[in-house]
Structure formats: C-alpha cells, structure tokens
Amino acid sequence: LTENTLTLEIEIEKINSEKYEIVENEVIESTDFKELTISGSLFSLTLFKNVTFRSCVFFASKMENCEFLGCNFIDCEFQFTGLEHCNFAAVSFENCKWDLSPIKKSTFVSSFLDAKTAYALSKDDNRLESCFNQEERDFLTSAYRKQAA
C-alpha cells in the first residue's frame, strides 16, 4: 500500500464510523425551514406534516421509515443522503437536485415531482400513485382556472 492509499482508507473508515444525530419518533408539523443545512442526521419513524423546506441542503444524512404529508421541497439539494421505506402523500418537489442520494422502497401518492426527482425515483424500487410532473400540473391548473371563471 502506498501512503496515499493508506490515508484514503483511514479517511473512509473515519467517515463510516461517524455517528449520526438521531431524530426518532418525532412529529414535525407546520414549520417552514429556509436555507437550512441538515448534515449527518438520521431521521427514523418521524412524521413531517405541512412542512416546507426551501433552499435546504440535506448532506450525508438518512431518512428511514418516515412519513411526509403535505410537505414542500423547493430548491433543495440532496447530497450523499439516502431515503428508504418512506411514504410521501400530497408532497411537492420543485427544482430539487439529487447527487448520489438514492430513494429506495418508498411510496409517493398524489404528489408533484419535478424532472430530477422523477428520474431519481426511477432508479430503485419505488411506488408512485397519481403523481404529476410540471406539464401535467400546469394543464390541471389551467383547466381548473377556466372552470372557476
């Protein structure tokens, strides 16, 4: 082994041994987070209800077995963050970026998905029901406005 290889292996081991800040069995409700960076956190069995994340960064975190109801993710970045076994209902993802952040075995119902989020979802075993993209959302909004007029 070279000195550089050994140094890299030590750094990787150090990263893997770091502990997550744990948020478990919590309810986070009717909150707006703006320009928040969430780093090295584990969210487990947590309910997010009517929460808006605007320009937030999720870095090196995990979300497992969480529920998101009526939440909004606007201009958010997911970097080295994994979501697994989560349920999303009436959730909106707008202009989000997914860098090495898998979404696995999660369910999305009646949600709006931007193109990058829809692509991230297509890589693993996720379930989508009655979800919309930008073009479909614009059409429905236009049809509703015409009907209301």
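Whatever comes next refers back to the structure up there.
Residues numbered from 1 in each chain as written. Predicted model: local features only at pLDDT ≥ 70, side-chain atom pairs only at ≥ 80, totals over all residues. Heavy atoms only, no water.

**Quick word on the overall build of the protein**
Here is step 1: What the protein contains, in helices and strands, is three helices and 20 strands.
Here is step 2: Looking at the protein as a whole, 32% of its 149 residues are labelled buried.
Here is step 3: Across the protein, contacts joining residues at least 24 apart in sequence account for 3% of those joining residues at least 6 apart.
Here is step 4: Accessible surface, the protein: about 9500 Å² in total, of which carbon and sulfur atoms supply 50%. (Helix = DSSP H or I, 4+ residues; strand = E, 2+ residues; numbered from the N terminus. Buried < 20%, exposed > 50% of the residue type's maximum accessible area, 1.4 Å probe, protein only. Contact = heavy atoms within 4.5 Å. Areas by Shrake-Rupley, 256 points an atom, 1.4 Å probe, with all protein chains shown as cover.)

**Looking at unusual backbone geometry**
Here is step 1: The residue H85 is not glycine, and still its phi comes out positive at about 55 degrees.
Here is step 2: Here H85 shows up in the loop between strand 13 (82-84) and strand 14 (87-89).
Here is step 3: Despite not being glycine, L100 shows a phi value in the positive range, around 50 degrees.
Here is step 4: On the secondary structure map, L100 appears in the loop between strand 16 (97-99) and strand 17 (103-104).
Here is step 5: Given the relative accessible area of 65%, L100 is considered exposed.

**Focus on helix 2 (residues 115-122)**
Think of an α-helix as turning once every 3.6 residues; residues three or four places apart then point the same way.
Here is step 1: Along helix 2, the positions that sit buried rather than exposed are T117, A120 and L121. Relative to the axis of helix 2, the buried residues are bounded by an arc of 100 degrees and lie together on one face. Facing away from the buried side of helix 2, by more than 90 degrees, are the exposed residues A115, Y119 and S122.
Here is step 2: On its buried face, helix 2 sits against strand 15 (92-94), strand 16, strand 17, strand 18 (107-109), strand 19 (112-113) and strand 20 (127-129). (Arc of directions from axis to C-beta.)

**Focus: the sheet that holds strand 5 (residues 41-44)**
Here is step 1: Spatially, the five strands line up as an open sheet ordered 1-5-9-13-17, and their pairing is parallel. The sheet is open, and its two edges are formed by strand 1 (21-24) and strand 17, each paired on a single side. (Pairing = 2+ DSSP bridges.)

**As for the sheet that holds strand 15**
Here is step 1: Taking strand neighbours across the sheet as the criterion, the five strands line up as 3-7-11-15-19 in an open arrangement whose pairing is parallel. Unpaired on one side and paired on the other, strand 3 (32-34) and strand 19 mark the two borders of the sheet.
Here is step 2: Note: strand 11 (residues 72-74) against strand 15, three bridges, orientation parallel. Looking across to strand 15, one finds that N72 is bridged to S92.

**Regarding the packing of aromatic side chains**
Here is step 1: Under the definition given, this model contains 18 aromatic pairs.
Here is step 2: Ring geometry for F33 versus F53: centroids 5.4 Å apart, planes at 20 degrees, classification stacked. Placement of the pair is F33 in strand 3 and F53 in strand 7 (residues 52-54), with a sequence separation of 20 residues.
Here is step 3: F33 gets classed as partly exposed once you look at its relative accessible area, which sits at 25%.
Here is step 4: Under the relative-accessibility criterion, F53 is labelled buried at 2%.
Here is step 5: On the basis of an interplanar angle of 50 degrees and a centroid distance of 5.9 Å, the ring pair of F73 and F78 is categorised as tilted. For the residue pair F73 and F78, the accessibility class agrees, reading buried in each case.
Here is step 6: An aromatic cluster is present here, built from F33, F43, F48, F53, F58, F68, F73, F78, F88, F93, W98 and F108 joined pairwise through their rings. (Phe/Tyr/Trp six-rings, centres within 6.5 Å; stacked < 30°, edge-to-face > 60°.)

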